[in-house]
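Structure at a glance
Listed here are the chains, written in short residue letters.
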Amino acid sequence: MARITLSGLAHSYLPRPKVPQDYALKRIDHEWEDGAAYALLGPSGCGKTTLLNIISGLLRPSEGRILFGATDVTDMATAERNIAQVFQFPVVYDTMTVYENLAFPLRNRGLKGPAADARVREIARMIGMEDRLDQKARGLTADAKQKISLGRGMVREDVNAILFDEPLTVIDPHMKWELRTQLKALHRQFGHTMIYVTHDQTEALTFADKVVVMTEGEVVQIGTPAELFERPAHTFVGYFIGSPGMNLLPATVEGSRARLEGGEVALTRAYPALSGQVEIGVRPEFVRLGSEGLPVEIRRVEDVGRHKIVRAALAGRALDIVAPEGAAIPAEPRVRFEPGAVNVYADGWLVEGTPREREAA
Amino acid sequence: MSLTLEGVSKVVGGETHIHPVTLTLSRGTMNVLLGPTLSGKTSLMRLMAGLDQPATGRVLWEGRDVTGQRVQDRGVAMVYQQFINYPSMTVYENIASPLRIAGLPRAEVEARVAKAAALMKLTPMLGRKPLELSGGQQQRCALARALVKNAGLVLLDEPLANLDYKLREELRAEIPAIFEESGAIFVYATTEPHEALLLGGNTACLWEGRVTQFGPTAEVYRRPADAITARVFSDPPMNFLRIEKRGPRLGFGEGQGVEARGALAGLPDGRYLAGFRPNHLGIEPGGGHLMEFGARIAITEITGSESYVHLDHAGQRWVALVHGVRELPVGSEQAVYLDPAHVYVFGEDDRLVAAASYAQAA
Amino acid sequence: MSEKPVNHRAWFMVLPVVALVAFSAVLPLMTVVNYSVQDTFGNNQFFWAGTDWFEQILSDPRIHNAFLRQILFSGIVLIIQVPLGVYIALHMPKKGVWASVCLILMALPLLIPWNVVGTIWQIFGRVDIGLLGKTLASLGIDYNYTQNPIDAWVTIIVMDVWHWTSLVALLAYAGLRSIPDAYYQAAKIDQASRWAVFRYIELPKMKGVLLIAILLRFMDSFMIYTEPFVVTGGGPGNSTTLLSIDLVKMAIGQFDLGPAAAFSIVYFLIILLLSWVFYTVMTAEDAKEAKQ
């Protein structure tokens, strides 16, 4: 296990990149703590797979260095980096049994005997395959094969990091729950450094201690799930995390008041004079539907079981509201925003502002 | 316009892939086939399309028997999980292809392609080849080709499964609006309960080749006919607990119980299965008649605004979905709370005997 | 796998082919059957001979020897061509211009007509004017395929290897190309040796196409006629007289139509039987593994 340092790392698939658009991965300086679970989250083409391939050694970065602990591994081959990886589609050795599959990474490093055997059996138990150890891998279902892939990634105790490349893509929703919690339990038990690439926010947020949100080759925010949810550093994070994403409304902000087309909103922070395109962002979960506040027009209500998603419009602009299960929709609907849950953005980036005392009223 | 399956089944090599199913889909409806992989969603669609012949039963289109009719002679359009387009044709030619095959006049082809392209937001890409488009745009192109046919029956087989999460969200919101306009019968296969709820319409729940329930989506969700439907139509999975009825009392274990009222009062004594959804299991005591259970924390997952608390209770895995960020120490004892009004009761044969009372009210 | 829709009209499409095959294969075959059970002394007079010819053929040591030579030839050819073809496929470039160049070069021998292949090697190996024969002679190696049986065997085997290894290589290459990159990456990460990659990833994925390659090469080599006939004519002596050469000698050289017809049928049945055995053994192995 090791801390992973990305130092001035950037990558372009072009021989002589000039403008920022030429980079598949824009400059990133970051340290991944030893033993933590990270997720790389972003839409396809955002550079997350490029970054993963650089870490695993399948791709050499065109700029910068990458370090495992104190060792510079930038020019090291994949096999020398001592990592494990789980791929999008299950990679199993068809002709081997489940046991042989799990033991394969150990055998290749000359690890045999009772210690290796115990390790394989422990992993098999954790992935729930201990009663199928002697079965050939090829007849198994996709779920079972992916479990073996996970197990093979986990079997070596001394790896620097375990990388996951959208490992739950081919798995049914119910099985996803099982595998995800298993993975989390394995992380707790063995404390490997884990890096998990996905476009699925639920997977990223539930798996990781810290989520790295990427778009267009750039890291826009690194934070805990709660930070990403409550204070997205960029409107992209607000949009990409959360379902539905954050509501964005153009506004003019003066001190601690935001003026929208439909009315005025009080803010819990004070802001300096802002230039550029100013918007306020508020999550649908923090919009309260009732008989007070700004008037809205309701376009559609989606019942998703445990809550309702109300598609509304505030002065002609789309506004999504999450209402509790069984909540009534008022005849003359108005909305209020939860105090403290309104963020201010200038040209897409979060403006911090200064917290102020709540007004007496 | 309607499509009726009458006792339709499918047997391949002695193995029953679809058990006899009877259902009617009517004009202008969205019908979701919900079930895990290999539960028979695709097989059922192929029977509806006429790509496969049923082993038993009949397929009726507007009351007319079309069981033996070729798929080419039925008005069917299909969209698959893979983005299937003609790679050497432009987007325009792709969308126009079914119309050209039908021999429509040029002006009409142009008008219909333009309309479908506008609906699918493909107008600026009409001159490009499919492989130059993003995944979402490629699937839009396939959807446009299915729409433009004006087919009476449009089958969508997990059309969004290969797309990014956010793209999926966008297209999913657009699809119901598009189909409302076309008036066709839509059939949409998915593995995700969440997707079924968002699409609305009707849902048929599938499990091991059987349609366990068919009805309006919200009703299937709120009144699952049996424990299997409840399990399939719950994400995260529904929690279960064995309970016992003795006299007027429903015992939930640990010395707790409730008075058996309504439909429950008339039940014979015996063992039953209680099911309740994760969002109805709390970790904080609240007002009302809440039951308390001891459990051990297995793991917690945080989604930003909510936490999934996975618990072990008497050898069963439960999930509680609670508001806020909760990092609870793994392995510690945790009391969980349940309002009996949120409990579904299933009989020994897994059939629903009493729905949660909030569902009855809804 | 989903089955195709049932459509009986499809049979009409097949009818012309069935008629053609009947005309081109079944009718001549019936003629052969006809000959094999009758005797003729010319003048279009035929006499019933029953199973006489079959008994004669099956007990003829000359045919036994030809049969053993044939088995030996096919065996050697398979033992060389299959591993060599796989080896070449493993070392071909995976993409880029060189992959196309290699594919074209590999396909070339397959495009040459069989008798031309024979002629090429016949001249190539000649001691007086052939490049190979003359070079070997100048190196002091005593090589003469027209006089030395071993030399003759080496020549026809090398010729067949040259002609047909490409087929095995191309099929194996196609099998290799279908392996997703993730498998190789996983193997690197697991620190699998080159041998382990071959044994556990490449070989299992190539199995299907190799089965077809072995079947094709077996049937083809078992029926080989033109090339060795052009090069050695079955000689020196009878040393390279393979089954088909023997058959032609019997039918056309000696004009023993009855025994030759019986021979043809036995020959045909042997190929059918051996191919069937090959196929069942190999697919059974496959099915057994899948079940475990």
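About the criteria used
- Residues numbered from 1 in each chain as written.
- Chains lettered and ligands numbered in written order.
- Predicted model: local features only at pLDDT ≥ 70, side-chain atom pairs only at ≥ 80, totals over all residues.
- Helix = DSSP H or I, 4+ residues; strand = E, 2+ residues; numbered from the N terminus.
- Buried ≥ 20, exposed ≤ 12 C-beta atoms within 10 Å, placed from the backbone.
- Contact = placed C-beta atoms within 7 Å.
- Pairing = 2+ DSSP bridges.
- Core = buried A, V, L, I, M, F, W, Y, C linked by C-beta atoms within 7 Å.
- Domains from an automatic or database assignment.
- Nonpolar A, V, L, I, M, F, W, Y, C, P; charged D, E, K, R; others polar.
- Arc of directions from axis to C-beta.
- Axes fitted to C-alpha atoms, helices over the stretch in contact; angles between N-to-C directions.
- Parallel < 35°, antiparallel > 145°, perpendicular 65-115°, else oblique.
- Left-handed = near helix turned anticlockwise from the far one by under 90°.
- pLDDT = per-residue confidence, 0-100.

1. A word on the overall build of chain C
Across its full length, chain C holds twelve helices and two strands. In sequence order, the secondary structure elements of chain C are arranged as α-β-β-α-α-α-α-α-α-α-α-α-α-α. By the burial criterion, 27% of the 292 residues in chain C qualify as buried. A sequence separation of at least 24 residues applies to 71% of the contacts in chain C between residues at least 6 apart.

2. Digging into the overall build of chain B
If you tally the helices and strands in chain B, you get nine helices and 21 strands. C-alpha extents for chain B along the principal axes are approximately 75 × 45 × 40 Å. Counting all 362 residues of chain B, 44% fall into the buried class. Of the contacts formed within chain B by residues at least 6 apart in sequence, a portion of 65% connects residues at least 24 apart.

3. Topic: the pairing of strand β17 (residues 306-313) of chain B
Residue and element names in this part refer to chain B. The element β17 is largely enclosed, with a buried count of six among its eight residues. Looking at chain direction, strand β16 (residues 291-302) and β17 are connected through six bridges and run antiparallel. What sits directly across from E301, in β17, is Y308. Count of turn residues in the β16/β17 antiparallel hairpin: three residues, of which G304 carries a positive phi of about 110°.

4. Concerning the nonpolar core
By size, the foremost hydrophobic cluster in this structure holds 90 residues, and its most contacted members are L33, I95, A144, L155, F186, V187 and Y188 of chain B. Each of domain 1 (2-232) and domain 2 (239-361) of chain B accounts for three or more of the residues forming this core. Apart from the residues within four sequence positions on either side, V187 of chain B is in contact with L25, N31, L33, M45, M48, L155 and L156 of chain B. With 81 residues, the next largest nonpolar core counts I4, V159 and A233 of chain A together with Y200 of chain C among its residues.

5. Regarding the domain arrangement of chain B
Residues and elements named next belong to chain B. Domain annotation of chain B identifies domain 1 (2-232) and domain 2 (239-361). Contacts between domain 1 and domain 2 engage eight residues on the former and nine residues on the latter. Considering every element that reaches the side of domain 1 that touches domain 2, the biggest residue donor is helix α8 (residues 227-232), with three residues. Partitioned by chemical class, the residues of the side of domain 1 that touches domain 2 number five nonpolar, no polar and three charged.

6. Thoughts on unusual backbone geometry
Note that the residue after S243 of chain A, namely P244 of chain A, is joined by a cis bond; omega there is 0°. Counting through the fold element by element, P244 of chain A comes out in the loop between α8 (235-240) and β11 (247-250). Omega for the bond connecting D235 of chain B with P236 of chain B falls within 30 degrees of zero, at 5°, which places this linkage in the cis form. With respect to the secondary-structure elements, P236 of chain B resides in the loop between α8 and β11 (239-246). We note that E62 of chain B has phi near 50°; this positive angle belongs to a residue other than glycine. Looking at the element boundaries, E62 of chain B is found in the loop between β4 (56-61) and β5 (64-65). For E208 of chain B, which is not glycine, the phi torsion reads 50° and is therefore positive.

7. Things to note about the pairing of strand β13 (residues 264-271) of chain A
All names here are of chain A. Of the pairings in the sheet, the one linking strand β12 (residues 252-259) to β13 comprises four bridges and is antiparallel in character. Looking at β13, one finds that A258 is bridged to V265. The loop that links β12 with its antiparallel partner β13 comprises four residues; one of these, G263, has a positive phi angle of about 155°.

8. What to know about the interface of chain A and chain C
With 21 residues of chain A at the contact, the number on the chain C side is 19 residues. Broken down by secondary-structure element, the contributors of at least two residues to the side of chain A that touches chain C are β6 (83-86) and α2 (98-108) of chain A.

9. Notes on helix α5 (residues 114-124) of chain C
Residue and element names in this part refer to chain C. Here α5 has its buried residues at V117, G118, W121 and Q122. Axial view of α5: buried residues confined to an arc of 130°, hence all on one face. Buried residues along α5 sit in contact with α7 (149-177) and α10 (226-231).

10. Re the interface of chain B and chain A
By a widely used convention, the size of an interface equals the accessible area lost when the partners come together. Taken residue by residue, the interface counts 32 residues in chain B and 31 residues in chain A. Elements with a minimum of two residues in the side of chain B that touches chain A: α5 (165-182), α6 (193-199), α7 (217-222), β16 and β17 of chain B. Per-element tally for the side of chain B that touches chain A: the top contributor is β16 of chain B, with four residues. Of the residues belonging to the side of chain B that touches chain A, the class tally is 16 nonpolar, nine polar and seven charged.

11. Observations regarding the packing of helix α2 (residues 91-101) of chain B against helix α3 (residues 106-119) of chain B
Residue and element names in this part refer to chain B. At a minimum axis separation of 10 Å, α2 and α3 run at an interaxial angle of 130°. Classified by the interaxial angle, the pair formed by α2 and α3 is oblique. α3 is crossed by α2, and the crossing has right-handed handedness. Note on element contacts: α3 touches α2 through V109, R112, V113, A116 and A117, opposite Y92, I95, A96, L99 and R100.

12. A look at the confidence of the model for chain B
Per-residue pLDDT for chain B has a mean of 87; in total, 98% of the residues score no lower than 70. Averaged pLDDT values over the elements of chain B bottom out at 65 in helix α9 (residues 357-361) of chain B and peak at 95 in strand β9 (residues 202-207) of chain B.

13. Quick notes on the packing of helix α3 (residues 61-91) of chain C against α7 of chain C
When two helices pack together, their arrangement is given by the angle between the helix axes and the distance between those axes. Residues and elements named next belong to chain C. Two elements in contact, α3 and α7, have axes whose closest approach is 7 Å; the angle formed by their N-to-C orientations is 45°. The angle between the axes of α3 and α7 places the two elements in the oblique class. In this structure, α3 meets α7 at a crossing whose hand is right-handed. Counted together, I76, V77, I80, Q81, V82, L84, G85, V86, I88 and A89 of α3 and I157, D160, V161, W164, T165, V168, A169, A172, Y173 and L176 of α7 form the full contact between these two elements. Of the residues belonging to the contact of α3 with α7, the class tally is 16 nonpolar, three polar and one charged.

14. Some thoughts on the confidence of the model for chain C
All names here are of chain C. Overall, the prediction assigns chain C a mean pLDDT of 82, with 93% of residues at 70 or greater. Averaged pLDDT values for the elements of chain C fall to 74 in strand β2 (residues 46-48) and rise to 90 in α3. Below a pLDDT of 50 lies the segment residues 1-5, which in the model reaches seven contacts outside its immediate sequence neighbourhood of four places, other chains included. Across the predicted assembly, pTM comes out at 0.82 and ipTM at 0.84.

15. What about the environment of A173 of chain B?
Within the secondary structure layout, A173 of chain B lies in helix α5. Each C-alpha atom, one on A173 of chain B and one on L99 of chain B, is 27 Å from the other, the two residues being 74 residues apart in sequence.

16. Considerations on the sheet that holds β17 of chain B
Spatially, five strands are ordered β15-β19-β16-β17-β18 (chain B) in an open sheet, and the strand pairing comes out antiparallel. Each edge of the open sheet is held by one strand with a lone partner, namely β15 (281-282) and β18 (316-323) of chain B. In the packing of helix α5 (residues 173-190) of chain A onto the sheet, the strands contacted are β16 and β17 of chain B, and the crossing angle to β16 of chain B comes to about 75°.

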